[in-house]
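Chain by chain, the residues run as shown.
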Amino acid sequence: YVFLYSQVLKAFDYFYPSKGQQQMYKLDISWPKIPEYFTGQTFCVAVDSLHGLVYVGQRGDDVPKVLVFSEEGYFLYSWNDTVEMPHGIFVLNTATDSSVWITDVGAGKYGHTVKQYSPSGKLLQILGTPGNAGSSLNPIQFDQPAEIFVEESGDMYVVDGDGGMNNRLLKLSTDYKEIWLSGENGTGIGQFKIPHSVTVDRYGRVWVADRDNKRIQVFDKVTGEWLGAWSSCFSEDGPYSVRFTSDYKYLIVAQMNINRLAILAAPPVGIIGDCAIVNAIQLADETKPHLVDIDMKSGAIYIAEIGAQQVQKYIPI
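This structure is a prediction, so every number in the text was calculated from the model and none was measured.

Engineer: Can you explain the packing of aromatic side chains? Please cite residues and give values.
Structural biologist: Following the criterion strictly, the structure yields 13 aromatic pairs and no others. On the numbers, 5.9 Å between centres and 50 degrees between planes, the contact of Phe 192 with Phe 219 is tilted. Placement of the pair is Phe 192 in the loop between strand S13 (178-182) and strand S14 (195-200) and Phe 219 in strand S16 (residues 215-220), with a sequence separation of 27 residues. The same class applies to Phe 192 as to Phe 219, namely buried.

Engineer: Provide a residue-level description of the sheet that holds strand S5 (residues 75-79), including the pertinent values.
Structural biologist: Strand order in this open sheet of four strands is S2-S3-S4-S5, and the pairing throughout is antiparallel. The open sheet has two edge strands with one neighbour each: strand S2 (41-48) and S5. Neighbour to neighbour, the strand axes of the sheet diverge by 20 degrees on average, direction disregarded. Bridging between strand S4 (residues 66-70) and S5 involves four bridges; their strand directions are antiparallel.

Engineer: Residues and numbers for the pairing of strand S8 (residues 113-117), please.
Structural biologist: Remark: a regular strand shows side chains that alternate across the two faces of the sheet. Across the five residues of S8, five count as buried, placing the element largely inside the fold. Burial along S8 is two-sided: Thr 113, Lys 115 and Tyr 117 and Val 114 and Gln 116, pointing in opposite directions, are all buried. Bridge count between strand S7 (residues 98-104) and S8: five bridges; the pairing is antiparallel. Residue pairing for S8: Ile 102 is matched across the bridge by Lys 115. Two elements, S8 and strand S9 (residues 123-127), share four bridges in a ladder whose sense is antiparallel.

Engineer: Pulling in residues and values, what's your account of the confidence of the model for the protein?
Structural biologist: The predicted model of the protein has a mean per-residue pLDDT of 91, with 92% of residues at 70 or higher. Ignoring residues within four places in sequence, the model shows residues 1-18, a span with pLDDT below 50, making 10 contacts including any to other chains.

Reading guide: rules and limits
- Residues numbered from 1 in each chain as written.
- Predicted model: local features only at pLDDT ≥ 70, side-chain atom pairs only at ≥ 80, totals over all residues.
- Heavy atoms only, no water.
- Phe/Tyr/Trp six-rings, centres within 6.5 Å; stacked < 30°, edge-to-face > 60°.
- Helix = DSSP H or I, 4+ residues; strand = E, 2+ residues; numbered from the N terminus.
- Buried < 20%, exposed > 50% of the residue type's maximum accessible area, 1.4 Å probe, protein only.
- Pairing = 2+ DSSP bridges.
- Axes fitted to C-alpha atoms, helices over the stretch in contact; angles between N-to-C directions.
- pLDDT = per-residue confidence, 0-100.
- Contact = heavy atoms within 4.5 Å.

Here's what the structure looks like:
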């Protein structure tokens, strides 16, 4: 009985931290060293924590679409070929090499694709048919794909639907074949209205920011089975971005329209339950945080801000 009681107390502590909690992160005002390199609207950011690199995707006419910085904030180089309107960006490190995945929502000849690049910007792989918006009849025919998350195994998860016809979560194998597909336009279980961001936890669960339904939905990564949803934390604004902290204790969620990063307690294995906001980072008005990424070594959060046209770095206190 004592053991059970202590377990219940532990669970209670886990989900409901004290209200007077101190801020968990502080702004790194030295990052980047020269903000003037941001010349467009910064939509996405990805951290290569193995090599200490930060990739930023930005949009605009006659601006470099991808900027590369060091984790200390020094600008290193940029590249531009075959990227039209970057929406999401992800860095994959394997035992042999690194690559950068970008979802492109442009309507021109490079758009509606998910593309793999070398770190220097060489195009390696195109998923989808460039320039052709897809219907959900064909798994790898995208219509404004929002974000991609790739596991070390090479399995990948794509949320396809930053607007457009498709509203779905797609799991692809290392040879880009469909393993499973979930979703269609709607408000029901497993349906989406603008699935905007995707990540995977260490318990084999896939987390999707179902933006316009103002909820996060959770799926089993092996089977695609629906496991639960969180909505009570998002009455003010839907979730735009989902990323786990480096210790997987918390889920960082960007809420663009209220200029906030919500820090949610991540549930232990087996229980989705309901969400609990344990802390928050309130950004300045009109900052508009769109997508975030986390350095899995240092724990730093990088925030791509459309309104402020910059990326900011927050470090754990």
